[in-house]
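# Structural features, examined
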Amino acid sequence: MGFKFEFGRPRIKNISEDEILDELEEVAKHFNYSYFRRSDFNKIAEIHSATVERHFGGSWSAAVRALSKRLKRKNITLLLGRQRGNSDETMFNEMERIWRKLGHRPSRDEWRKMKPIISYDSIYRRFGGWTNACLKFIEYKSGSSVVSSHKVFGKVDTSKTRAISPKVNATEIEKTRSISLNIRLKVLNRDKFRCVFCGKSPATDIGTQLHIDHIVPFSKGGGNNLENLQTLCFECNLGKSNRDVAE
Ligand SMILES: [Zn+2]
């Protein structure tokens, strides 16, 4: 009998390099363009990592390099080594480090100069834009209410202001008294993301919401300058607000 029972089956079709790279790219996308291992690949891909390696001379890292090159042409950076699998927390920690060092919200160029462990592009990609990344960071640091905080107290202050100068209309007040994102960030950063009265911080006290407070109330002529602004938690801000009304 000339027939031999062989374990291996004939290859159904030869896979082209493009098809292999398509598959690699698909998996990379799944992992947010951070590094993935053979075992990760095999969980998701429709071809086996051995097929990939065989094509690239038996080397997995050669395959990853080819993928990295291809992604670069699309302006996507494949995160390798220590950058692999960044959690939001890792990203936020890095943002905090750089933010503190600079003393203000980092721009793209500033970020790149700070030798970050996470690239600008990967943060940009993860959060769909730099501004959004910064907002998400602040929300993470402040208990997710900084951006809308002035609205909560806008009503109180507006009525107070009206009592003093009835001619000023409410929308005008809202426009003037709303504090720009940049200023909010500066105040939070200066106060180290803690309530300056009781020291509570969202990082250590879950559920803490930070607000940007006017030291001299807006209704009494206090401005949006850094010296007149402070970080307060919800409770302390409410307490202060009530005292202001009583005065
Ligand atoms: Zn407080």
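Predicted model only: the values in this text are computed from it and were never measured.

Conventions we followed
Residues numbered from 1 in each chain as written. Predicted model: local features only at pLDDT ≥ 70, side-chain atom pairs only at ≥ 80, totals over all residues. Helix = DSSP H or I, 4+ residues; strand = E, 2+ residues; numbered from the N terminus. Buried ≥ 20, exposed ≤ 12 C-beta atoms within 10 Å, placed from the backbone. Contact = placed C-beta atoms within 7 Å. Core = buried A, V, L, I, M, F, W, Y, C linked by C-beta atoms within 7 Å. Domains from an automatic or database assignment. Expected span 1.5 Å × (residues − 1). Arc of directions from axis to C-beta. Axes fitted to C-alpha atoms, helices over the stretch in contact; angles between N-to-C directions. Parallel < 35°, antiparallel > 145°, perpendicular 65-115°, else oblique. Nonpolar A, V, L, I, M, F, W, Y, C, P; charged D, E, K, R; others polar. Pairing = 2+ DSSP bridges. pLDDT = per-residue confidence, 0-100.

## Topic: the overall build of the chain
Regarding its fold elements, the chain presents twelve helices and two strands. In the chain, the order of α-helices and β-strands from amino to carboxyl end is α-α-α-α-α-α-α-α-α-α-α-β-β-α. For the chain, buried positions account for 26% of its 247 residues. Intrachain contacts of the chain at a sequence separation of at least 6 include 60% that bridge at least 24 residues.

## Here we look at the nonpolar core
Counting 20 residues, the largest nonpolar core has Met-95, Phe-137, Leu-188, Cys-195, Leu-210 and Cys-233 as the members making the most contacts within it. The element that contributes the greatest number of residues to this core is helix H5 (residues 88–102), accounting for four residues. The residues that make up this core include at least three from each of domain 2 (86–142) and domain 3 (149–246). What Cys-233 contacts, discounting residues up to four positions off in sequence, is Cys-195, Cys-198, Lys-200, Thr-208, Gln-209 and Leu-210.

## Observations regarding unusual backbone geometry
Notably, Lys-115 is not glycine yet its phi reads approximately 50°, a positive angle. With respect to the element layout, Lys-115 can be found in the loop between helix H6 (108–113) and helix H7 (120–127). Despite not being glycine, Lys-192 has its phi angle at roughly 55°, a positive value. By secondary structure assignment, the location of Lys-192 is in the loop between helix H11 (181–190) and strand E1 (210–214). Exposure remark for Lys-192: the 13 C-beta atoms within 10 Å place this residue in the partly exposed category.

## Structural notes on H5
Helix length check: H5, at 15 residues, gives a terminal C-alpha distance of 21 Å against a target of 21 Å (1.5 Å per residue), a fit within 8%. The set of residues buried in H5 consists of Met-91, Phe-92, Met-95 and Trp-99. An end-on view of H5 places all buried positions within 95° of arc, on one side of the element. In this structure, H5 carries Glu-89, Arg-100 and Lys-101 as exposed residues pointing more than 90 degrees from its buried face. Remark: Gly-103 follows H5 within two positions and exhibits a positive phi of approximately 85°.

## A few points about the packing of helix H1 (residues 17–30) against helix H4 (residues 60–73)
Close contact between H1 and H4 brings their axes to 10 Å; oriented N to C, the two are set at 80°. By the angle between their axes, H1 is roughly perpendicular relative to H4. Contact with H1, carried on its side by Leu-21, Leu-24, Glu-25 and Ala-28, involves Ala-63, Ala-66, Leu-67, Arg-70 and Leu-71 of H4 and no other residues of that element. Looking at the contact of H1 with H4, its residues break down into seven nonpolar, no polar and two charged.

## A few points about the pairing of strand E2 (residues 229–233)
The buried fraction of E2 is high, at five of five residues. Alternating residues of E2 divide into Leu-229, Thr-231 and Cys-233 and Gln-230 and Leu-232, and every residue in both groups is buried. As paired elements, E1 and E2 share five bridges and run antiparallel to each other. Each bridged residue has a counterpart across the sheet, and for His-214 the counterpart in E2 is Leu-229.

## Remarks on the pairing of E1
Burial runs high along E1: five of the five residues are buried. On E1, burial covers both faces: Leu-210, Ile-212 and His-214 on one face and His-211 and Asp-213 on the other are all buried.

## Observations concerning the confidence of the model for the chain
The pLDDT averaged across the chain works out to 75; a share of 75% of its residues lies at or above 70. The element-level mean pLDDT for the chain is lowest in helix H9 (residues 149–164), coming to 34, with H6 highest at 92.

## So, H11
Restricting attention to buried positions, one finds in H11 the residues Arg-184, Leu-185, Val-187 and Leu-188. Looking straight down H11, one finds its buried side chains confined to an arc of 165°; they lie on one side.

## A closer look at the environment of Cys-195
Topologically, Cys-195 is positioned in the loop between H11 and E1. Using a count of 24 C-beta atoms within 10 Å as the deciding quantity, one classes Cys-195 as buried. Sequence separation between Cys-195 and Leu-210 is 15 residues; the distance between their C-alpha atoms is 6.8 Å.

## Some words on the environment of Gln-209
Take Gln-209: it is sitting in the loop between H11 and E1. The class for Gln-209 is buried, based on 20 C-beta atoms found within 10 Å. The sequence separation of Gln-209 and Glu-139 amounts to 70 residues, and the corresponding C-alpha distance is 9.2 Å.

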